[in-house]
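What follows is each chain in one-letter form.
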Amino acid sequence: MSTLEAELEARCATALREHLDGAGESSLNAAYELGRDALSRGFGILDFTAILHAALAEVVFSAEPGHGREVVGRAQAFLLECYSPFEMAHRGAREANAALRRLDEVREAEARRLARELHDEAGQMLAAAHLTLREAAAELGLHAYQPLARVHDHLRKAEWELRRIAHEMRPSMLDDLGLGPALEFLAKGISARHGLVVRIEGALETRLAHDVETALYRVAQEAFNNAAKHAGAREVRLSVSLAADRLRLSVADDGRGFDARSVANGKSGSGLGLAGIRERLEPLGGSLKVRSAPGKGTVLIIDLPIAMEEHAARFAG
Amino acid sequence: MKETIGEKGRVQIDGDRAIVSARQQGRALALGLGFSAGCATLVATAISELARNILLYAGQGEIELKPIERTGDEGLMIMARDHGPGIGNVRRAMEDGYSTSGRMGLGLPGVRRLMDEFEVQSATGGGTQIRAVKWKRAGASA
C-alpha cells in the first residue's frame, strides 16, 4: 500500500469512528472531502472502494462485540458521502459521452451535405462538358476523333473519382440501402485504388440503427485504409456476426503487422487511426481489440451492443 | 406556474464550519421533505460545492435553503449569494475544465448535473447569485 493510500485509509477510519460516535454533519463533511481528495488525486473508484472497505473492516473489527451490525447500518450515510464526488464526475463523463455522440451526428450531417453538393454541382458540370464534347466532335469531324476520345476517357475517370469521393465522404447508399451495399462499394473503390483484395462476409442484410451503421462504416473505412496504406496488405477480410444483443465485426489483413502491445500502451503514438476507431465506438458503448504482431498481419475485433428494441424489430422483420 | 416558497434558513458562509452548518440544514430539510438518503446526500454535495465556490472567489457570502412547491411537486431550493467580483464569464465558468475542480466534473458544472434546475446570475463587480432546485418527484437520485 502506498503512503497516500495509507493516509487516506487512516483519515477514513478516524472520520468513520467520529461518525459512529455521533459527530453528525462534520464527519459526513469529512467523508465528502475524503472522496473529493481521492478523486482529485487520481484514485479510481475501485482503489477508493478498497480503501473504504479496509477502513470499515478496521472499525467493525475493533467495535465492541455485537455492535458490528449497528456499525454497518450506520455507515451508509458515510459511504454515500464518500462516493458523492465520484457520482458528480460520473455524470460529467456521461454528459460528455452524449455530447461526443451529438458531435459525430453533426459531423456526418455536414459530410452528407458536402458530398451531395460535390456530387450534384460537379456532376452537372461534367455532364455539360460531355455535351460540349459531343458538339465539338460533330463539328471537327473524324480527324479529331482520337484526342476527343482521350478527353472523353478523362471525363469518365473524373466522374468515377467524384462519385467515389462523394461516397466515401458520406455514402447516401448507407442511408438508403444500409451497411452491406455501402461496404461493397467502398471495397470496390479501395480495390481499384490500392490493388487490395477485399472480402466482405456475414450478417449484412439486416438494417441497424442509423448511428451504429455510420460508426461501423467509418471503422471499416479506417481499417481498409490502414491495411492498404500502412500494412501493405494484399488481402483484407471483413466479417460481421450478430448475437442476441451484440454485434461483432472483425477486419483481418495479411499485412506486415505491428507490436500491438506497444500501440495499446500508446508508446508508438495513437497512429494507424486506432484511436479514431475507439473514439467512434465509445459513445455507442462499443470496444475495440487489436491483435497483431510484426509479420503476422492485423486483426481488429469490434464489439458493439445493440439496443433490445432494434433487436426485436430486426428479428420480427 | 404557481410556486410557493416555504420557511427559509440562511447560513453565512465564511469558513469551513459554516459549510458543515449549511450542509446540516440542507440535509435535514431534504430528509424532512421525504427525499431518499442518496438524494439528501446529493443536496449536501451541491451545498458543499456552492459554498466552496463562494469561499474561493468571493471570500464570503450566504446560502439560503427553502422548501418549494410547484404544481403539487415538492422540492428544495438552494440560493447561493455573494458580493464578490462576480463571474465575468458565466458561460466559461460553467464549462468543465475552466477551474481545477471543473476538470474532474466537480464545481459549478457538477452542481448543475446533480440538481434539476440550475441558474447563475452574475455581473462583473456585482456579485453572484446561483439558484439550484432539486425536486422530489424527479427520482430517487436522479
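Since this is a predicted model, take the numbers as computed values, not measurements.

Visitor: So what's going on with unusual backbone geometry? Residues and values would help.
Guide: Phi is positive for B:Thr71, which is not a glycine, with a value near 35°. With respect to the secondary-structure elements, B:Thr71 resides in the loop between β3 (61–70) and β4 (73–82).

Visitor: Which residues make up the confidence of the model for chain A, and what values go with them?
Guide: Residues and elements named next belong to chain A. Residues with a pLDDT of 70 or more make up 93% of chain A, whose mean pLDDT is 86. The lowest-confidence element of chain A is helix α11 (residues 308–316), averaging 47 in pLDDT; the highest-confidence one is helix α2 (residues 25–40), averaging 95. Here residues 308–317 scores under 50 on pLDDT; set against residues more than four positions off or in separate chains, the count is 10 contacts.

Visitor: An account of the nonpolar core is requested, with residue identities and associated values reported.
Guide: Counting 42 residues, the largest nonpolar core has A:Leu183, A:Leu216, A:Phe224 and A:Leu238 as the members making the most contacts within it. Sorting the residues of this core by element identifies α7 (179–194), β1 (197–202), α8 (210–230), β2 (235–242), β3 (246–253), α10 (271–281), β4 (287–292) and β5 (298–305) of chain A as the ones contributing at least two each. Residue contributions to this core peak at 10 residues, all from α8(A). Excluding anything up to four places from it in sequence, A:Leu216 contacts A:Leu179, A:Leu208, A:Leu247, A:Leu249, A:Ile302 and A:Leu304. By size, the runner-up hydrophobic cluster in this structure holds 31 residues, among which are B:Phe35, B:Ile54, B:Val111 and B:Met115.

Visitor: A description of the packing of aromatic side chains should follow, citing residues and the corresponding values.
Guide: Centre-to-centre distance and the angle between the planes together describe a pair of aromatic rings. All names here are of chain A. In total, this model carries three aromatic pairs over all chains according to the counting rule given. Aromatic side chains Phe-48 and Phe-86 sit 5.2 Å apart centroid to centroid with 20° between the ring planes, which places their arrangement in the stacked category. With a gap of 38 residues between them, Phe-48 in helix α3 (residues 45–61) and Phe-86 in helix α4 (residues 68–140) connect regions that are remote in the sequence. Here the two residues Phe-48 and Phe-86 agree in accessibility, since each one is buried. One aromatic cluster in this structure is built from Phe-48, Tyr-83 and Phe-86.

Scoring rules and cut-offs
- Per chain, residues are indexed from 1 in the order of the written sequence.
- Labels are handed out in written order, letters beginning with A for the chains and numbers beginning with 1 for the ligands.
- Thresholds applied to this predicted model are a pLDDT of at least 70 for local features of residues and 80 or more for the giving and counting of side-chain atom pairs; totals over whole chains, interfaces and linings are not thresholded and use all residues.
- Side-chain metrics rest on all non-hydrogen atoms present in the structure, leaving aside hydrogens and water.
- The secondary structure listing takes helices from DSSP runs of H or I that are at least 4 residues long and strands from runs of E that are at least 2 residues long, numbered from the N terminus.
- Per-residue confidence from the predictor is reported as pLDDT, which spans 0 to 100.
- The contact criterion used is simple: two residues touch if any of their non-hydrogen atoms lie within 4.5 Å.
- Here, nonpolar core means buried Ala, Val, Leu, Ile, Met, Phe, Trp, Tyr and Cys residues that are tied together by side-chain atoms lying within 4.5 Å of each other.
- The rule is simple: take the accessible area with a 1.4 Å probe, protein chains only, and divide by the maximum for that residue type; under 20% is buried, over 50% is exposed, in between is partly exposed.
- Stacked, tilted and edge-to-face pairs are distinguished by plane angle, under 30 degrees for stacked and over 60 for edge-to-face with tilted covering the rest, among Phe, Tyr and Trp rings (Trp via its six-membered ring) whose centres lie within 6.5 Å.

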